Each structure stands twice: as structure tokens, then as C-alpha cells.
Amino acid sequence: MAVYEKKYVWGILLRLFHWTFAPSIFTLIVTGLYIHWPWTNTWLEGSHQFTMATMRWIHFIAGMLFTCAVLARLYLWFFGNKYERVWDFLPITGRNIKNLFSTLLYYAYLTDHHEERLGHNALAGTAYFFTILLAIVQFLTGLYLLYPEGSIFTSIGASLFGTQQEARFIHYILNWYFAWFALVHIYIVVWNDIRHPEGLISSIFDGFKFAKKEQ
């Protein structure tokens, strides 16, 4: 029978990042889709309610939290603990490249072999890496749309994304990316937690995982 020991993996800042990033994504998706296509009785907004203004305000607050969370994760890429730093999980070493492909085969049910890691496996880490890069694009387009005239975001937005309509299109497409990312992420996390006793879900609450103790 395997014996497991408790290991501290995720620091407090990474867990704060996760629990800021996750609800802000959900809020931004819902309010963003409403702003794109208001499905309530918006013809009454000029009288006793102003739903669009409320949704835009919530979207703005969630966007600021989203931006703060992304900046925190960027900081942890370089100054976090050894499991949180970007070179621990990116496929830039032979070990990580091998882990990337073995994890792909494992998730596709093509092999039973799985290299257990305390931090992110290379596949998850690569997905998170590109998600953060897309999150940067998302908050830059959002700031460009929020401050369309006479600000530093106007200059940055125009040089990177072109017109505001082009930025709005990118912002909308990425909204759907984050919706699908959240669904796939939840599925894979639950799937892993069922198949492995490392405590993947509980670790994002208390920071601890369980690793096989070397005999």
C-alpha cells in the first residue's frame, strides 16, 4: 500500500490569484454577453431601470479584478515558489517535453503511464501560460474600449489592435475562449481528482498536495 506525505505546493498569492481569476471570468462572461446582446427588457431602461449601466459597472469591476489577478500570476511566473515559476512547467526542457506528450497520451486514454508532479504538469502549465497571455490581450482590449479617447490605452490599443471595432471583435472572441477554458479546466480537474489521491482540488484551498513517500 502506497504511503503519501503532505507537501506545501501553492502559496497564498497563487491561491488568491485563482479565487480572483475564476469568479471574475464567470462574471465577465455573463456581463460581457449581456453587453453584446441585451436579452432583458432594455426598452424600459429609460424609465425605472437601467440594466445596461448596471451590467457595464459590474463588468468594469470584474475586469479590474481580472487584471490584478493576471498581474499577480505574471509576478509568480518569476518570483513564486519552485512549483509556480514558469520554467517549472513550460516544455523548454527534455523532461518537460517528455511530460507534455505523455500527459497528452494519458488524457486521451492511450496509455496508463502518468508522471505524477506536485506542480503543474507540462500540458496544464502550457495551457495556463497561453491563457495568461490571452488574458493580457483581453484586458488591454477591454481598457482600449473603456477609454477610447485621449489616454495611454488609446495609443496602445490603436497600435496593437487597430480600430476599436477590431479590438471589440478580438475581445468578443476571447470571451468565448475563456468560457470554454473554464469548462474544460473544471472537467479535467475533477477527472484528475477522482483518478489520483494527490488532493488536486483541496490544494487550491489550503496549498497542500499529497505525494508518494519514498520508501
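Parameters and conventions
- Residues numbered from 1 in each chain as written.
- Predicted model: local features only at pLDDT ≥ 70, side-chain atom pairs only at ≥ 80, totals over all residues.
- Heavy atoms only, no water.
- Helix = DSSP H or I, 4+ residues; strand = E, 2+ residues; numbered from the N terminus.
- Buried < 20%, exposed > 50% of the residue type's maximum accessible area, 1.4 Å probe, protein only.
- Contact = heavy atoms within 4.5 Å.
- Areas by Shrake-Rupley, 256 points an atom, 1.4 Å probe, with all protein chains shown as cover.
- Lys, Arg positive; Asp, Glu negative; His and termini not counted.
- Charge placed at Lys NZ, Arg CZ, Asp CG, Glu CD.
- Patch = residues over 30% accessible without salt bridge, like charges linked within 9 Å, V, L, I, M, F, W, Y side chains within 5 Å.
- Salt bridge = Lys/Arg side-chain N within 4 Å of Asp/Glu carboxyl O.
- Axes fitted to C-alpha atoms, helices over the stretch in contact; angles between N-to-C directions.
- Parallel < 35°, antiparallel > 145°, perpendicular 65-115°, else oblique.
- Nonpolar A, V, L, I, M, F, W, Y, C, P; charged D, E, K, R; others polar.
- Expected span 1.5 Å × (residues − 1).
- Pairing = 2+ DSSP bridges.

Caption draft 1: Examining the overall build of the chain more closely. Scanning the chain for helices and strands turns up seven helices and two strands. Helices and strands in the chain line up, N terminus first, as β-α-α-α-α-α-α-α-β. In terms of overall dimensions, the chain has a C-alpha envelope of 70 × 35 × 35 Å along the principal axes. Counting the 215 residues in the chain, one finds 39% classified as buried. Within the chain, counting contacts between residues at least 6 apart in sequence, those at least 24 apart form 64% of the total. In the structure as shown, the chain presents an accessible area of about 12800 Å², 70% of it carried by carbon and sulfur atoms. With 15 positive and 13 negative side-chain charges, the chain shows a separation of 5 Å between the mean positions of the two kinds.

Caption draft 2: Representation of unusual backbone geometry in the model. One non-glycine residue, Tyr 109, lies in positive phi territory at about 60 degrees. Among the structural elements, Tyr 109 can be located in the loop between helix 3 (94-107) and helix 4 (122-146).

Caption draft 3: Seen up close, a nonpolar patch on the surface. The grouping of Tyr 8, Ile 12, Leu 13, Leu 16, Tyr 75, Phe 78, Phe 79, Trp 87 and Ile 92 at the surface amounts to a nonpolar patch, some 970 Å² of accessible area in total. Counting residues per element, the ones that place at least two in the nonpolar patch are helix 1 (12-36) and helix 2 (51-79). The topology assignment puts Trp 87 in the loop between helix 2 and helix 3. The exposure class assigned to Trp 87 is partly exposed, which follows from its relative accessible area of 43%.

Caption draft 4: Just the packing of helix 3 against helix 4, in detail. Where helix 3 contacts helix 4, the axes come no closer than 7 Å and their chain directions differ by 100 degrees. When the axis of helix 3 is compared with that of helix 4, the two are roughly perpendicular. The residues of helix 4 that touch helix 3, namely those facing Asn 96, Asn 99, Leu 100, Thr 103, Leu 104 and Tyr 107, are Ala 122, Leu 123 and Thr 126. Per-class residue counts for the contact of helix 3 with helix 4 are five nonpolar, four polar and no charged.

Caption draft 5: Representation of helix 1 within the structure. When the terminal C-alpha atoms of helix 1 are compared, their 35 Å separation across 25 residues agrees well with the 36 Å that a helix rising 1.5 Å per residue should span. Listed as buried for helix 1 are Leu 14, Arg 15, Phe 17, Phe 21, Ser 24, Ile 25, Leu 28, Ile 29, Thr 31, Gly 32 and Tyr 34. Close packing links the buried residues of helix 1 with strand 1 (4-8), helix 2, helix 4, helix 6 (164-195) and helix 7 (200-206).

Caption draft 6: Region of the structure containing the pairing of strand 2 (residues 208-212). Side chains of strand 2 alternate between two faces, with Lys 209 and Ala 211 buried and Phe 208, Phe 210 and Lys 212 left unburied. Bridge count between strand 1 and strand 2: five bridges; the pairing is antiparallel. Within strand 2, the position partnered with Tyr 4 by the bridge is Lys 212.

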